[in-house]
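Given next are the chains, with one letter for each unit.
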Amino acid sequence: MHRFEERVALVTGAASGIGRATAIRIAEERGSVVCVDVQEEAAAATAQQIQAAGGRATAIACDVSDEVAVRSTVRDAVKHFGRLDALCNIAGILRFEHTHEARLEDWNRVLAVNLTGTFLCCREAVPHLLETRGSIVNMSSTAGLGAHAWTAAYSASKGGVLALTHCLAIEYGKQGLNTNAVCPGGVTTPLHDAFSLPEGADPKLLKKVMPFTDFVGPEDVAATVAFLASTDAKHVNGEHVRVDGGMLS
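Structure report, in brief.

1. Examining the overall build of the chain
Then, number 1: Scanning the chain from terminus to terminus reveals seven helices and seven strands.
Then, number 2: The linear arrangement of helices and strands in the chain, starting from the amino end, is β-α-β-α-β-α-β-α-β-α-β-α-α-β.
Then, number 3: Relative to its length of 249 residues, the chain is compact, with a C-alpha radius of gyration of 17 Å against a globular reference of 18 Å.
Then, number 4: Principal-axis analysis of the C-alpha atoms gives the chain an extent of 55 × 40 × 35 Å.
Then, number 5: Residue burial in the chain is summarised as follows: out of 249 residues, 50% are buried.
Then, number 6: Excluding contacts between residues fewer than 6 apart, the proportion of contacts in the chain whose partners are at least 24 apart in sequence is 74%.
Then, number 7: Mean positive and mean negative side-chain charge positions of the chain (22 and 28 charges, respectively) differ by 6 Å.

Laid out in structure tokens, this is it:
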């Protein structure tokens with residue numbers, strides 16, 4: 001498939017996990033990719049892998065919670081490739097802790113990256129995406145749809161991403177901009193690898209994350225992101241798609 005030929009996508013969180021898999025998937029479909037991540041060297045490595053395979057990519061270091069950095073990143077991305085057709089907001093962080101022990105600074109940091117970062121990227125990209133009648137794909141989670149113990153900040157941020165997605169879909173849909181969200185369940189990523197129960201946590205509160213299948217690779221989620229970011233999904237707007245093996249069915 002060449003769904004992204006002559007199209008440009010900006011992918012945040014492109015250093016690893018779902019972001020990296022998405023950047024590679026879009027490049028495999030002939031898209032030009034701007035690989036964005038706070039981890040500069042790892043983002044560059046993703047771009048270099050795409051280039052080595054014959055694709056077009058560039059890397060930009062950016063903390064998505066930094067308003068000035070996001071504005072500069074979107075400006076530089078458009079300057080580099082001349083246009084912007086898709087924004088894939090995948091950068092995110094996760095903490096596991098007892099809610100009554102959570103520090104305000106940690107709560108604020110999770111929301112700053114996951115929710116405010118998504119908002120900032122959308123705000124800066126929307127004018128360019130309206131010109132190309134493009135797409136936004138935001139990364140939510142099953143944690144934004146159902147209950148998860150020890151993830152109050154993360155779950156709140158992902159619920160906020162869903163609300164933001166629905167608002168943008170209505171506000172800009174008639175102008176040709178599609179905005180959708182993906183809600184993964186159990187995916188093997190650096191976030192998953194960092195999981196550990198808080199001290200004294202009751203393991204009985206840990207719901208089985210993928211009831212019918214094992215944890216899947218980030219490529220499975222990237223395939224859904226690529227669909228929603230492509231013209232194949234031109235009549236899909238304001239939707240959230242679960243990639244969870246039936247967890248919430």
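This is not the end of the story, as more comes after the structure.
2. A short note on the pattern of salt bridges
Then, number 1: Summed over the entire model, instances satisfying the criterion amount to 16 salt bridges.
Then, number 2: Where Asp 232 meets Arg 3, a salt bridge forms, and the shortest distance between an N and an O atom there is 3.2 Å. Here the residue Asp 232 occupies a position in the loop between helix H7 (218-229) and strand S7 (240-243), and Arg 3 occupies one in the segment before strand S1 (8-12), the gap between them amounting to 229 residues.
Then, number 3: Between Glu 124 and Arg 71 there is a salt bridge; the shortest N-O distance is 3.7 Å. Of this pair, Glu 124 sits in helix H4 (residues 104-132) while Arg 71 sits in helix H3 (residues 67-81), placing them 53 residues apart in sequence.
Then, number 4: In this structure Glu 124 comes out as buried when scored by relative accessible area, which is 15%.
Then, number 5: By relative accessible area, Arg 71 is classed as partly exposed at 35%.
Then, number 6: Linked by salt bridges that have partners in common, Arg 95, Glu 97, Arg 103, Glu 105 and Asp 106 make up one network.

3. A few points about the environment of Lys 234
Then, number 1: By secondary structure assignment, the location of Lys 234 is in the loop between H7 and S7.
Then, number 2: Separated by 177 residues in sequence, Lys 234 and Ala 57 have C-alpha atoms that sit 24 Å apart.

4. Let's talk about helix H1 (residues 17-28)
Then, number 1: Over its twelve residues, H1 extends 17 Å from the first C-alpha to the last, a length consistent with the 16 Å expected when each residue adds 1.5 Å.
Then, number 2: Across the twelve residues of H1, nine count as buried, placing the element largely inside the fold.
Then, number 3: The first or second residue beyond H1 is Arg 30, which carries a positive phi of 75°.

5. Points about the packing of H3 against H4
Then, number 1: It is the contact of H3 with H4, at a shortest axis distance of 9 Å, that shows an interaxial angle of 30°. One finds that H3 runs roughly parallel with respect to H4. Relative to H4, H3 is oriented so that their crossing is right-handed. Counted together, Glu 67, Val 70, Arg 71, Val 74 and Val 78 of H3 and Leu 120, Cys 121, Arg 123, Glu 124, Ala 125 and His 128 of H4 form the full contact between these two elements.
Then, number 2: Grouping the constituent residues of the contact of H3 with H4 by class yields six nonpolar, one polar and four charged.

6. Section: the pairing of strand S4 (residues 86-89)
Then, number 1: What you see with S4 is no split at all: Ala 86 and Cys 88 on one side and Leu 87 and Asn 89 on the other are buried throughout.
Then, number 2: Where S1 and S4 come together, three bridges link them in parallel fashion. Bridging from a neighbouring strand, Ala 9 pairs with Ala 86 of S4.
Then, number 3: Of the pairings in the sheet, the one linking S4 to strand S5 (residues 135-139) comprises four bridges and is parallel in character. Each residue of the ladder has a partner; that of Cys 88, found in S5, is Val 137.

Each value, and the rule that gives it
- Residues numbered from 1 in each chain as written.
- Predicted model: local features only at pLDDT ≥ 70, side-chain atom pairs only at ≥ 80, totals over all residues.
- Heavy atoms only, no water.
- Helix = DSSP H or I, 4+ residues; strand = E, 2+ residues; numbered from the N terminus.
- Rg over C-alpha atoms; globule rule 2.2 N^0.38 Å.
- Buried < 20%, exposed > 50% of the residue type's maximum accessible area, 1.4 Å probe, protein only.
- Contact = heavy atoms within 4.5 Å.
- Lys, Arg positive; Asp, Glu negative; His and termini not counted.
- Charge placed at Lys NZ, Arg CZ, Asp CG, Glu CD.
- Salt bridge = Lys/Arg side-chain N within 4 Å of Asp/Glu carboxyl O.
- Expected span 1.5 Å × (residues − 1).
- Axes fitted to C-alpha atoms, helices over the stretch in contact; angles between N-to-C directions.
- Parallel < 35°, antiparallel > 145°, perpendicular 65-115°, else oblique.
- Left-handed = near helix turned anticlockwise from the far one by under 90°.
- Nonpolar A, V, L, I, M, F, W, Y, C, P; charged D, E, K, R; others polar.
- Pairing = 2+ DSSP bridges.

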